[in-house]
Amino acid sequence: MALWRIRATVDDRPGYLSVLTASLALRGVNILTVQVHTTEVGAVDDFLVDAPEQVTEAELRAAVERGRGRDCWVARSEARGLADEPTRLLGLAGRLVRDPEGAGATLRALLGADAVTWRPTSTAAPGGVGGTTMLLADPAGGAYELRRREPSFTPAEYARAQALVELAATLDRRDTHRVTLVLPDGGEVSVRPATADDVPAVRELHAGCSARSRQRRYLSGAADPSPARLRRLLEPARGVSLLATAGAGGAAAPVVAMANLLGEGDEAEAALLVQDDWQRRGLGSALLRRLLGHAGRAGCAAVLLHVQAENTPMLRTLRRLDRPVALERDGGVLTATVPLAPAPASPAGRVAGPVPPAQAACGTGTALPARAGHGLPSQRSGPI
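Residues numbered from 1 in each chain as written. Predicted model: local features only at pLDDT ≥ 70, side-chain atom pairs only at ≥ 80, totals over all residues. Heavy atoms only, no water.

1. Re the sheet that holds strand S1 (residues 2–10)
Taking strand neighbours across the sheet as the criterion, the four strands line up as S2-S3-S1-S4 in an open arrangement whose pairing is antiparallel. The strands lining the two open edges of the sheet, one partner per strand, are strand S2 (30–39) and strand S4 (70–76). Mean inter-strand twist for the sheet, computed between neighbouring axes without regard to direction, equals 15°. Relative to S4, S1 runs antiparallel, the two sharing five bridges. Bridge pairing links Ile6 to Val74 in S4. In this fold helix H2 (residues 57–66) packs onto S1, strand S3 (42–51) and S4, with an angle of close to 150° to the strand it touches most, S4. (Pairing = 2+ DSSP bridges. Helix = DSSP H or I, 4+ residues; strand = E, 2+ residues; numbered from the N terminus. Axes fitted to C-alpha atoms, helices over the stretch in contact; angles between N-to-C directions. Contact = heavy atoms within 4.5 Å.)

2. Describing the sheet that holds strand S15 (residues 326–330)
Reading across from one edge, S9-S10-S11-S12-S13-S14-S16-S15 is the order of the eight strands in this open sheet, with mixed pairing throughout. Because the sheet does not close on itself, it has two edges, and the strands there are strand S9 (179–182) and S15. The average undirected angle you get between the axes of adjacent strands in this sheet is 25°. Here helix H6 (residues 199–208) sits on the sheet in contact with strand S11 (239–246), strand S12 (255–264) and strand S13 (267–274), set at roughly 110° to S12. Against the sheet, helix H8 (residues 227–234) touches S11 and S12, its axis set at about 70° to S12.

3. Details of the side chain of Gln162
With respect to the helices and strands, the residue Gln162 is situated in helix H5 (residues 155–177). Excluding residues within four positions of it along the chain, Gln162 makes contact with Leu136 and Ala137.

4. Digging into the packing of helix H3 (residues 85–98) against helix H4 (residues 103–111)
Direction vectors running N to C along H3 and H4 enclose 170°, while the axes themselves pass 10 Å from each other. With respect to H4, the axis of H3 lies roughly antiparallel. Here Arg88, Leu89, Leu92, Arg95 and Leu96 of H3 lie close against H4, whose contacting residues are Ala103, Ala105, Thr106, Ala109 and Leu110. A per-class count over the contact of H3 with H4 returns seven nonpolar, one polar and two charged. (Parallel < 35°, antiparallel > 145°, perpendicular 65-115°, else oblique. Nonpolar A, V, L, I, M, F, W, Y, C, P; charged D, E, K, R; others polar.)

5. Quick look at the packing of H6 against H8
Between H6 and H8, whose axes approach to 10 Å, the crossing angle comes to 110°. The angle between H6 and H8 places the two elements in the roughly perpendicular class. Here Val199, Val202, Arg203 and His206 of H6 come into contact with H8, specifically with Pro227, Leu230, Arg231 and Leu234. Of the residues assigned to the contact of H6 with H8, the class counts are five nonpolar, one polar and two charged.

6. Regarding the packing of aromatic side chains
One pass over the structure, following the stated rule, counts zero aromatic pairs. Above the ring of Trp4, the side-chain terminus of Arg76 is found at 4.8 Å from the ring centroid. The residue whose ring lies beneath Arg281 is Trp278, and the NZ or CZ to ring-centre distance is 4.2 Å. (Phe/Tyr/Trp six-rings, centres within 6.5 Å; stacked < 30°, edge-to-face > 60°. Lys NZ or Arg CZ within 6 Å of the ring centre and 35° of its normal.)

7. Details of a positive patch on the surface
On the surface, a cluster of positive charge is contributed by Arg280, Arg316, Arg319 and Arg320. As for its placement among the helices and strands, Arg319 is situated in helix H10 (residues 312–319). (Patch = residues over 30% accessible without salt bridge, like charges linked within 9 Å, V, L, I, M, F, W, Y side chains within 5 Å. Areas by Shrake-Rupley, 256 points an atom, 1.4 Å probe, with all protein chains shown as cover. Salt bridge = Lys/Arg side-chain N within 4 Å of Asp/Glu carboxyl O. Lys, Arg positive; Asp, Glu negative; His and termini not counted. Charge placed at Lys NZ, Arg CZ, Asp CG, Glu CD.)

8. Observations regarding the side chain of Asp45
Tracing the sequence through the fold places Asp45 in strand S3. As a buried residue without a salt bridge, Asp45 has its nearest oppositely charged side chain in Arg7, at a separation of 9.2 Å. (Buried < 20%, exposed > 50% of the residue type's maximum accessible area, 1.4 Å probe, protein only.)

9. Side note on the pattern of salt bridges
Oppositely charged side chains are able to pair whenever their charged atoms sit close together. Tallied over the full model, the rule gives 16 salt bridges. A salt bridge links Arg27 to Glu59, with the nearest nitrogen and oxygen atoms 3.3 Å apart. One end of the pair, Arg27, is in the loop between helix H1 (16–25) and S2; the other, Glu59, is in helix H2, with 32 residues separating them in the sequence. Between Arg192 and Asp198 there is a salt bridge; the shortest N-O distance is 2.8 Å. Overall, Arg192 belongs to the buried group, its relative accessible area being 18%. The network of salt bridges with common partners includes Arg5, Arg7, Asp46, Arg148 and Glu157.

10. Some words on H6
Every buried residue of H6 is accounted for by Val199, Val202, Leu205 and His206. What you see down the axis of H6 is that its buried residues fit within an arc of 110°, all on one side. Turned more than 90 degrees away from the buried face of H6 sit Glu204 and Ala207, all of them exposed. Where H6 is buried, its residues contact helix H7 (211–218), H8, S11, S12 and S13. (Arc of directions from axis to C-beta.)

Laid out in structure tokens, this is it:
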């Protein structure tokens, strides 16, 4: 017996699939697994079959066509094709957890693609399937282009591939920003990207801060954002939010500081909230530098911070940046503009290579509602 993979489109009508399977059975073909991909032109059935050694590819194709199948594709398979599809997908996801930069190789293994290319920009709107070409939007910026000679890609395959790309981008983003900081006084904190699951811990951070610290952070009476607003702040569509946790940063470690960067056009707005007993220890300065680094890699032209004129610790931190900082005063509030050097140009393309640095904070596109009155907690900088 020999293993074959057969893919064919069958009209999504009662009894049509049974006609096809009966036609295969007449040739002594045993169907081991079947996946159904729903498309606009009918159901694409993907079979793994066990056929007698003497049955040829042409005979299998003829059997499918006699069974009312069309657009038939037939190819020899291996024993690994017997793996349960959900189990195989979980295995590929596990591979990404171990190596987030292996997205290209993982996509090739998932779809049997002949070529996987990452491009910084796409000639078409990212996202979609066109025959033997698939375009996947990379949340970190750019797009993956996949090609294979046959069979044609299906919407179900696109959905699986896009889910893996988004997982890789999330893992890469977290690994890029996960670090242990040693403060000048010898204290240690763990810094990592925030997620929506951190809302309870961040609410505890707010509760542990003085009213003055919260007011300096938000420059308004909205010093205790609702869980819904915090969730949007912790997972911005364009930007990054970092959390600092005391000590080794285990699951039970308290959050002692939050740093937010929200992109708007070619600029980004930064803000900090540091628990009172962690202020003036260099933590805010370290977090601000990491935000500026992220904004620079994302191609931002400048980072803005809104600071109360009496917030001397924050102004001192800005002076320590060793960067030119422009200040504009509006009543009791100063707007500090920190210009950034332009990011280096991306390569024209790459094949199955590492995912590029996150590029979601700035650049062209829909602006985030980062300023007060636009639905998110106002980006206002608090004390260090």
